[in-house]
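Chains, contacts and geometry: an overview
Below, each chain spelled out in residue letters.
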2 protein chains.
Amino acid sequence: MITGKNYIGNVLSSLGKVTFKTFNPQINAENEIVFTEASNIEIEKAINLATEAFKTFKTISGEKKSLFLNEIANEIEALGDELITTYCNETGLPEGRAMGERGRTVFQLRSFANLVKEGSWVEASIDTANPKRTPIPKVDLRKMLVALGPVVVFGASNFPLAYSTAGGDTAAALAAGCPVIVKSHPMHAGTGELVASAIIQAAEKTGMPNGIFSNLNSSGIDVGVSLVKHPQVKAVGFTGSIKGGRALYNMAAQRPEPIPVFAEMGSINPVVLLPKAVKNKGKNWAQTYANSITLGSGQFCTNPGLILGIKNTDLTNFIQALSEEIVKIEPSCMLHPNIIGNYENNKAKMLIQKGLQTVANLSKEVSTNYGRQAITTVEGSTFLTNINLHQEVFGPFSMVVQCENIAQLEEIILKLEGQLTGTILAETEELPKHQNIVNALQNRVGRIIFNGVPTGVEVCPSMVHGGPYPASTDSRFTAVGINSIKRWVRPFSFQNWPNELLPNELKNENPLGITRLVDGKLTSSKI
Amino acid sequence: MITGKNYIGNVLSSLGKVTFKTFNPQINAENEIVFTEASNIEIEKAINLATEAFKTFKTISGEKKSLFLNEIANEIEALGDELITTYCNETGLPEGRAMGERGRTVFQLRSFANLVKEGSWVEASIDTANPKRTPIPKVDLRKMLVALGPVVVFGASNFPLAYSTAGGDTAAALAAGCPVIVKSHPMHAGTGELVASAIIQAAEKTGMPNGIFSNLNSSGIDVGVSLVKHPQVKAVGFTGSIKGGRALYNMAAQRPEPIPVFAEMGSINPVVLLPKAVKNKGKNWAQTYANSITLGSGQFCTNPGLILGIKNTDLTNFIQALSEEIVKIEPSCMLHPNIIGNYENNKAKMLIQKGLQTVANLSKEVSTNYGRQAITTVEGSTFLTNINLHQEVFGPFSMVVQCENIAQLEEIILKLEGQLTGTILAETEELPKHQNIVNALQNRVGRIIFNGVPTGVEVCPSMVHGGPYPASTDSRFTAVGINSIKRWVRPFSFQNWPNELLPNELKNENPLGITRLVDGKLTSSKI
């Protein structure tokens with residue numbers, strides 16, 4: 001079923017000359033199918049189709065969009081074993097993970113389907129006219145959120161389903177009414193093509209205009225650069241490295257018309273161990289964190305890469321326990337030789353930093369492409385003065401910082417780069433005493449966790465996945481949960497517009513029965 | 001009362017060496033007071049105070065913030081005649097305008113006071129835990145909007161009160177919980193200092209931390225550049241020229257940690273005259289638009305600088321009537337010799353464009369610094385090929401484009417830069433026939449108006465003041481209305497946080513009685 005071609009709108013196409021293959025890290029060999037990179041002509045065509053499709057897609061009803069999104073979910077499920085097998089062959093991840101991620105992906109699609117079917121997400125707001133107001137009459141103003149236009153979504157290496165072709169960014173953008181052009185991730189181009197075929201099937205079945213979705217293969221950076229620089233592209237979604245995300249952000253900011261880039265990038269997800277928690281529950285936390293650090297070979301953006309505690313015997317015992325626990329865990333396959341190559345390089349660079357002590361470093365022989373976990377520790381003063389120690393080591397790696405005292409712990413947090421998450425492990429009674437620590441941490445993160453692990457990102461309205469730079473390029477938005485739709489829309493006002501020509505969301509009759517702010521009051525009544 | 005000094009937090013300060021004076025364009029002479037530019041030491045101090053103040057200010061209750069904002073409004077009113085006189089002496093604008101703008105400014109402050117007192121604006125969202133969920137238990141997640149940190153607001157030349165020191169940007173940012181450092185506009189530094197003194201008075205009376213507000217004088221660009229580049233500044237608000245706004249945007253995007261710049265910049269606010277409206281009501285519209293174009297000497301960002309119609313006798317008659325009406329209007333004083341200098345230069349550059357015909361150009365002698373209105377006209381094909389004709393001429397100037405047909409009119413709209421507003425003048429029955437025109441225009445603007453004028457920006461929740469670039473740098477936000485608070489906040493999640501330590505907005509008891517999304521349902525009930 002996989003052709004290796006691009007979807008330019010609903011049509012398979014392979015006009016380009018550059019080809020590549022995906023790689024199976026479990027058997028350390030290339031997969032068979034040859035993928036053709038999108039050519040400039042195909043890129044241009046995909047964007048033109050998207051621009052044309054936008055004219056009708058942006059006004060399609062929430063009900064029809066929900067049918068489309070639900071049908072994508074159905075079609076992805078209908079791909080059955082082929083999708084799971086392809087996923088595993090292109091990532092080295094186990095079948096359970098593939099199935100879990102598929103479940104999450106279709107859940108996201110169906111959540112957005114429900115959101116747009118219900119319809120209140122457009123934040124309709126109506127201020128009725130008052131012709132008798134003095135000194136000047138009050139006009140009638142009605143506002144709602146409308147789609148930005150064609151957007152580009154970059155597939156993520158570490159989430160071939162949930163943050164790639166039909167992942168969170170795509171689902172949110174389609175729900176908003178934006179055509180999507182996916183720059184497929186080269187490590188799982190086959191998985192991408194299968195999912196793309198599901199989207200195209202769903203689009204055709206539910207009568208969506210050709211061009212609301214395209215899937216472009218590429219193994220290098222050229223396709224992505226062309227897409228981000230194209231004047232008809234109005235926003236970009238990206239999940240990946242700081243280097244990659246920042247490059248796209250810079251490119252977008254330097255366009256004649258700058259566009260928003262929502263890049264979810266690196267994070268070391270600091271964990272603060274308060275003294276009583278270490279003393280009373282250090283062993284439990286050691287076990288829990290050994291699992292969290294190695295979950296999915298540490299290939300999660302919420303992987304806890306930094307643990308901050310106060311230097312004392314309890315912390316020494318915790319480090320000891322964490323080291324013992326983590327080496328018991330069976331190593332697992334990483335996504336790609338490049339990923340494990342980077343992991344080993346970055347780990348090696350870290351281990352030679354002055355003052356860093358390696359307390360666990362799995363040395364036993366493992367299968368090719370399997371990631372070996374490591375735990376390091378360092379003094380707080382050393383961490384403060386060496387910025388290299390703040391870098392993310394993407395993989396099963398973590399560092400315990402032994403602070404002299406609470407003041408130093410706070411200083412470290414204040415100087416940390418922006419993060420997706422921060423965690424506090426504490427006895428409840430010691431939390432109020434350390435409000436400074438909590439406040440400082442809140443300022444650096446998008447989500448704060450009490451007595452838990454940062455890995456495991458619940459998909460729900462109250463989730464924030466994003467944070468101060470460099471966790472993301474715009475902390476005002478989340479990448480996970482239904483509110484991620486806000487990245488792809490802008491508010492739009494109609495002034496004195498004839499009622500019968502307004503969108504249904506804003507008509508007096510409120511035909512959709514949505515919740516609206518009418519003259520300052522939330523209501524689902526008609527006017 | 002005016003000292004010419006900066007407010008560094010609550011303290012007047014003038015350590016700098018550069019001085020300047022404001023100018024009274026009505027009498028064409030400098031005003032007396034000498035203002036001292038903020039020095040680097042003062043800039044640094046203002047930012048450090050703001051950073052320190054943020055630690056407490058961000059957690060201050062909505063009730064207390066509302067007292068503060070209302071008190072600012074009271075203190076501004078208490079400035080009485082001195083404020084109005086200073087305003088007029090620094091802008092050449094009439095007393096009526098000064099009083100109207102003061103009314104708008106205090107209305108904005110009180111609107112934000114009401115918003116934060118009520119409290120639901122934080123978009124509290126709660127997803128309760130489900131320990132029994134399989135395969136993994138569901139955590140408790142609670143989200144709300146929190147302040148970004150210290151922000152910088154640039155005063156606008158054309159709104160000395162409503163979009164400067166205590167204007168919309170400042171009111172919104174303070175309401176959000178962000179300390180504000182104002183880069184005062186040099187043309188009305190005295191007005192700025194008076195309003196700053198009102199803010200400081202209000203802050204002291206209501207017990208706000210020192211540093212939540214500073215007011216910095218500057219006549220050049222150095223102070224602004226230092227502020228935007230400072231690592232502790234987290235966002236920027238700006239109202240002004242495309243050149244200035246884009247320069248700040250670029251600077252902010254190139255920082256190690258990029259920050260959002262919300263710049264509201266130029267706009268020519270296209271007006272589409274559909275054939276029946278011109279035929280039946282051309283004379284009325286000519287009169288209405290003569291007034292709109294010259295309102296406040298055309299010094300509004302919503303000034304209608306472009307009128308698009310279909311070439312025929314009716315349009316010729318409209319142009320004739322508009323020309324006749326506009327020259328009847330008495331010219332008025334512009335804000336500053338620089339503003340009128342730019343107006344005359346830009347108008348002159350426009351008038352020599354090939355194919356442009358000048359149909360009205362007030363030539364009678366007027367007082368120094370008074371702006372003379374002009375109307376020009378050009379063929380659609382000429383407008384399409386000469387990008388110079390798309391530029392804003394800030395002042396009482398407009399251009400009527402005579403299109404060959406509806407297709408050309410649509411093409412022109414499609415090729416227009418982003419705009420704050422678009423207006424359709426039409427008989428209601430001809431609107432559905434021209435859905436293409438309406439759709440195209442919607443895509444280029446933030447607000448669309450039916451049978452009205454773009455000038456006059458209602459301050460209400462349903463207003464959108466902002467639009468695709470270059471109308472603003474981020475069309476996802478509005479600069480007017482209570483939703484402008486969204487520019488200065490980010491969502492933040494608490495996971496499994498102890499109830500008693502949550503902010504009041506997220507506690508089970510809902511002590512503030514705000515509307516929250518609880519497990520997917522909007523409610524103001526407790527949990």
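Look up: the structure comes first, before these words.
Residues numbered from 1 in each chain as written. Chains lettered and ligands numbered in written order. Predicted model: local features only at pLDDT ≥ 70, side-chain atom pairs only at ≥ 80, totals over all residues. Heavy atoms only, no water.

Comments concerning the interface of chain B and chain A
With 68 residues of chain B at the interface, the matching set in chain A holds 68 residues. Sorting the residues of chain B by area buried against chain A places Ser462(B), Arg476(B) and Trp497(B) first, and these three jointly supply 12% of that buried surface. Its salt-bridge partner being Asp474(A), residue Arg476(B) comes within 3.4 Å of it at the nearest N-O pair. The tally of links from chain B across to chain A stands at 39 residue pairs in polar contact (both at pLDDT 80 or more). Secondary structure elements with two or more residues in the side of chain B that touches chain A: β7 (125-127), β8 (141-147), α8 (242-253), α14 (435-444), β22 (445-450) and β23 (489-495) of chain B. Sort the elements by how many residues they give to the side of chain B that touches chain A and β23(B) lands first, with seven residues. When the residues that make up the side of chain B that touches chain A are grouped by side-chain class, the tally is 35 nonpolar, 15 polar and 18 charged. Inspection of the sheet shows strand β23 (residues 489-495) of chain A paired to β22(B) by three bridges, in the parallel sense. If you follow Ser493(A) over to β22(B), its bridge partner there is Arg447(B). (Contact = heavy atoms within 4.5 Å. Buried area = accessible area lost by both parts, 1.4 Å probe. Salt bridge = Lys/Arg side-chain N within 4 Å of Asp/Glu carboxyl O. Polar contact = N/O pair within 3.5 Å; in protein donor to acceptor, adjacent residues only side chain to side chain. Helix = DSSP H or I, 4+ residues; strand = E, 2+ residues; numbered from the N terminus. Nonpolar A, V, L, I, M, F, W, Y, C, P; charged D, E, K, R; others polar. Pairing = 2+ DSSP bridges.)

A closer look at the relation of the copies chain B and chain A
Relative to chain A, chain B is turned by 180 degrees and slid 0.0 Å along the rotation axis, the superposed coordinates differing by an RMSD of 0.0 Å. In the structure described here, the two chain copies are related by an operation that fits a two-fold rotation axis. Across chain B, the smallest distance between a C-alpha and the rotation axis is recorded for Ala253(B), namely 3.3 Å. Most of the interface of chain B is mirrored in chain A, where 100% of its interface residues are also at the interface. (Least-squares fit on C-alpha atoms with pLDDT ≥ 70 in both.)

Points about the sheet that holds β23(B)
Ordered by their spatial adjacency, 12 strands build an open sheet running β17(A)-β19(A)-β20(A)-β15(A)-β14(A)-β21(A)-β22(A)-β23(B)-β8(B)-β7(B)-β24(B)-β25(B), and the pairing between neighbours is mixed. Looking along the sheet, the strands with just one partner apiece sit at the ends: β17 (357-361) of chain A together with β25 (521-523) of chain B. In this sheet, neighbouring strand axes are inclined to one another by 20 degrees on average, regardless of whether the strands run parallel or antiparallel. Along the sheet, helix α14 (residues 435-444) of chain A makes contact with β14 (270-273), β21 (419-425) and β22 (445-450) of chain A together with β23 of chain B, crossing β22(A) at roughly 140 degrees. (Axes fitted to C-alpha atoms, helices over the stretch in contact; angles between N-to-C directions.)

Concerning the nonpolar core
Within the largest apolar cluster, 215 residues are counted, with the highest numbers of intra-cluster contacts made by Ile424(A) and Ile424(B). Sequence-distant contacts of Ile424(A), that is, excluding residues within four places in its chain, are made with Val272(A), Leu274(A), Leu431(A), Ile437(A), Val438(A), Leu441(A), Ile448(A), Ile449(A), Phe450(A), Asn451(A) and Trp497(B). (Core = buried A, V, L, I, M, F, W, Y, C linked by side-chain atoms within 4.5 Å. Buried < 20%, exposed > 50% of the residue type's maximum accessible area, 1.4 Å probe, protein only.)

Remarks on the packing of helix α7 (residues 222-229) of chain B against α8(B)
Residues and elements named next belong to chain B. Axis separation between α7 and α8 bottoms out at 9 Å; the angle between their running directions is 35 degrees. Handedness of the α7/α8 crossing: right-handed. Together, Val225, Val228 and Lys229 of α7 and Leu248, Met251 and Ala252 of α8 make up the contact between the two elements. (Left-handed = near helix turned anticlockwise from the far one by under 90°.)

Looking at the sheet that holds strand β7 (residues 125-127) of chain A
Each strand in a sheet pairs with its neighbour through backbone hydrogen bonds, running either in the same direction (parallel) or in the opposite one (antiparallel). Strand order in this open sheet of 12 strands is β25(A)-β24(A)-β7(A)-β8(A)-β23(A)-β22(B)-β21(B)-β14(B)-β15(B)-β20(B)-β19(B)-β17(B), and the pairing throughout is mixed. The sheet terminates laterally at β25 (521-523) of chain A together with β17 (357-361) of chain B, the two strands that pair on one side only. The average angle at which neighbouring strand axes cross in this sheet is 20 degrees, direction not considered. Where β7(A) lies against strand β8 (residues 141-147) of chain A, three bridges are found, and the strand directions are antiparallel. When the sheet's bridge partners are listed, Asp127(A) is paired in β8(A) with Leu141(A). Together, β23 of chain A together with β14 (270-273), β21 (419-425) and β22 of chain B form the strand contacts of α14(B), whose direction differs from that of β22(B) by roughly 140 degrees.

These values are about where atoms sit, not about what they do.
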